[in-house]
Amino acid sequence: MVFALATRLCGPRSQLGRGKPYWAWICSGADPALSHLFNTPDLWGLSTDPGHPPLPQAWAAGSPFRPPCPHQGGCSCPPSPGPISTARLALERSSSAQEALHVITGLLERYGQGGSCREDPTPFCYHNTFLLADRTEAWVLETAGRLWAAHRIQEGARNISNQLSIGTDISAEHPELRTHAQAQGWWGGQSTFDFAQVFSLTQQPVRMEAAKARFRAGRELLQQQQGGITAEVMMGILRNKESGICMDSGGFRTTASMVSILPRDPTQPCVHFLTATPDPSRSVFKPFIFGVGAAQAPQVLSPTFGAQDPARTLPRFQTQVDRRHILYRGHQVALGLMESEQGQGQQLRQKQRDLEQEGLEAARALLAGEWAPPPQELGGLFQAFVERESRVYA
């Protein structure tokens, strides 16, 4: 996972920060106005396109934006965006959570969704669900092909985790959502319409049981902290391995994590804490703030491979390359020491905690008006913490 800062030449936002695999436009990210957009993939549900198999679908991997039809010439599927390319486009084109919802649903209506979601010769596709938040409102958006349902979060806390979770509490929906369900025989039209129930498979894969348990655990952890949720609390939840929220088994690992503070006061900056390394339970959340001095930290940029990149050559992903950036490599060495050298490992972990606490204290002082650094220093905050973490591992 690479954290990339982009300066755009068009659209409502001039800066965009995103955490993404180097080879894809997939991301969770933030910009100065929308503040936060989070995406969780891998939805198992009913397809909304006639003749298409249940989701997720295996698409042949040509381009992440224009995957070939999975039916081997059996239909004329239109070009579809990659699995989470819409997250990046929403961040670029939106200035509020509601605008982001309109951008994503508009893209779904025009292009659908598809494309391979992993760097592997065997393609794998899924449909998506999103958490969209700005300073004043937040939405959950869940999709099934071109169709979708959205819930505006009015109070409390909300989580998503690899499954449909919007039931009868629908705030907005695709105009053909219910008629399509009736036409397919999934809903009779008389009972209360429950999106998650209607659009989920009756016989779900075994892996969905783990997703359900992870969703329930996340909801319970948030409810336990209701009324007292802070950035530190959210970091603790993202580090919870017992629930499966923090993954490091079964072939999966939490790649990178992000926690954002979005003050309602527009005069205060939003503060985004990013690990830029895998396994948040043994990573450092570092503060990032958009501003005049915000610049890309080279230590968290993946190496480039030009025209020989397996993501660019066709067929794609036939070979493997080492995409780990400098901080990632140092972090991996540190993880090894934490596991093999108890004394040295404990010292490294304590240094990580101390550095993270410094970042949290800096954010607290900034938002409390106790610290007012010049723009260049504020914009370079993330870079400074990345450099300090790199020295810890060196």
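Parameters at a glance
- Residues numbered from 1 in each chain as written.
- Predicted model: local features only at pLDDT ≥ 70, side-chain atom pairs only at ≥ 80, totals over all residues.
- Heavy atoms only, no water.
- Core = buried A, V, L, I, M, F, W, Y, C linked by side-chain atoms within 4.5 Å.
- Buried < 20%, exposed > 50% of the residue type's maximum accessible area, 1.4 Å probe, protein only.
- Helix = DSSP H or I, 4+ residues; strand = E, 2+ residues; numbered from the N terminus.
- Axes fitted to C-alpha atoms, helices over the stretch in contact; angles between N-to-C directions.
- Parallel < 35°, antiparallel > 145°, perpendicular 65-115°, else oblique.
- Left-handed = near helix turned anticlockwise from the far one by under 90°.
- Contact = heavy atoms within 4.5 Å.
- Nonpolar A, V, L, I, M, F, W, Y, C, P; charged D, E, K, R; others polar.
- Phe/Tyr/Trp six-rings, centres within 6.5 Å; stacked < 30°, edge-to-face > 60°.
- Lys NZ or Arg CZ within 6 Å of the ring centre and 35° of its normal.
- Salt bridge = Lys/Arg side-chain N within 4 Å of Asp/Glu carboxyl O.
- Polar contact = N/O pair within 3.5 Å; in protein donor to acceptor, adjacent residues only side chain to side chain.
- Pairing = 2+ DSSP bridges.

**Q** Talk me through the nonpolar core; I want residue IDs and the actual numbers.
**A** Counting residues in each nonpolar core, the largest one holds 31 residues, and the members touching the most others are Met 235, Phe 273, Val 300 and Phe 382. Every element with two or more residues in this core is listed here: α6 (231-238), β9 (258-261), β10 (271-274), α7 (326-340), α8 (342-367) and α10 (381-393).

**Q** I'd love a proper account of the packing of α7 against α8, names of residues and values included.
**A** At a minimum axis separation of 6 Å, α7 and α8 run at an interaxial angle of 130 degrees. The angle between the axes of α7 and α8 places the two elements in the oblique class. At the point where α7 passes α8, the crossing takes the left-handed sense. Here His 331, Ala 334, Leu 337, Met 338 and Ser 340 of α7 come into contact with α8, specifically with Gln 342, Gln 344, Gly 345, Leu 348, Arg 349 and Gln 352. Looking at the contact of α7 with α8 residue by residue, the classes come out as four nonpolar, six polar and one charged.

**Q** I'd like to hear about the packing of aromatic side chains, residue by residue, with values.
**A** A complete count under the given rule lists five aromatic pairs for this structure. Measuring from ring centre to ring centre gives 5.0 Å for Phe 288 and Phe 290, while their planes differ by 85 degrees; the resulting arrangement is edge-to-face. In this structure, Phe 288 and Phe 290 share a single accessibility class: buried. Members of the aromatic cluster, each reached through a chain of ring pairs, are Trp 186, Phe 195 and Phe 199. If you follow Arg 388 out to its NZ or CZ, it ends over the ring of Phe 385, 5.7 Å from the centre.

**Q** Describe the pattern of salt bridges, and please don't skip the residues or the numbers.
**A** This structure, assessed with the given rule, holds 15 salt bridges. Between Glu 361 and Arg 364 there is a salt bridge, with the nearest N and O atoms lying 2.7 Å from each other. With a gap of three residues between them, Glu 361 and Arg 364 both fall in helix α8, about one helical turn apart. Since its relative accessible area comes to 40%, Arg 364 is described here as partly exposed. Of the charged contacts, one joins Arg 364 and Glu 370 as a salt bridge, the two residues approaching to 2.8 Å between their closest N and O atoms. Sharing partners across several salt bridges, the network here consists of Lys 241, Asp 279, Arg 282 and Glu 339.

**Q** Run through the side chain of His 325, naming residues and quoting values.
**A** Relative to the elements of secondary structure, His 325 occurs in the loop between β11 (286-288) and α7. By relative accessible area, His 325 is classed as buried at 1%. Looking at His 325, its side chain comes within polar contact range of the main-chain oxygen of Gln 299, at 3.1 Å.

**Q** An account of the packing of α6 against α8 is requested, with residue identities and associated values reported.
**A** Following both chains from N to C, one finds α6 and α8 inclined at 145 degrees, their axes separated by 11 Å at the closest point. Two secondary-structure elements touch here, α6 through Ala 231, Glu 232 and Met 235 and α8 through Glu 356, Gln 357 and Leu 360. Tallied by class, the residues present in the contact of α6 with α8 amount to three nonpolar, one polar and two charged.

**Q** How would you explain the sheet that holds β9 if you had to name every residue and give the values?
**A** Read from one edge of the open sheet, three strands run β9-β10-β11, paired in antiparallel fashion. A single partner strand is all that each edge strand has here, and the edge strands are β9 and β11. Direction aside, neighbouring strands of the sheet carry axes that sit 25 degrees apart on average. Both β10 and β11 contribute to a ladder of three bridges, which runs antiparallel. Residue pairing across strands places Phe 273 opposite Pro 287, the latter belonging to β11. Set on the sheet, α6 makes contact with β9 and β10; between it and β9 the angle comes to about 165 degrees.

**Q** Please set out the pairing of strand β5 (residues 127-133) residue by residue, giving values where relevant.
**A** Across the seven residues of β5, six count as buried, placing the element largely inside the fold. In this antiparallel pair of consecutive strands, β5 and strand β6 (residues 138-144), the connection spans four residues.

**Q** Any chance you could break down the environment of Ser 283 for me, citing the residues and the numbers?
**A** Mapping Ser 283 onto the fold places it in the loop between β10 and β11. For Ser 283, a relative accessible area of 0% corresponds to the buried category. Separated by 69 residues in the primary sequence, Ser 283 and Gln 352 place their C-alpha atoms 7.0 Å from one another. Sequence-distant contacts of Ser 283, defined by excluding residues within four places in its chain, comprise Arg 239, Thr 275, Thr 277, Pro 278, His 331, Arg 349, Gln 352 and Glu 356. In terms of polar contacts, Ser 283 uses its side chain to reach the backbone carbonyl oxygen of Asp 279, at 3.0 Å.

**Q** A description of the side chain of Gln 113 should follow, citing residues and the corresponding values.
**A** Turning to its location among the elements, Gln 113 is positioned in the loop between α2 (97-111) and β5. For Gln 113, a relative accessible area of 7% corresponds to the buried category. Of the polar contacts made by the side chain of Gln 113, one reaches the side chain of His 127; its length is 3.5 Å. There is a polar contact of 2.9 Å between the side chain of Gln 113 and the backbone oxygen of Gly 145.

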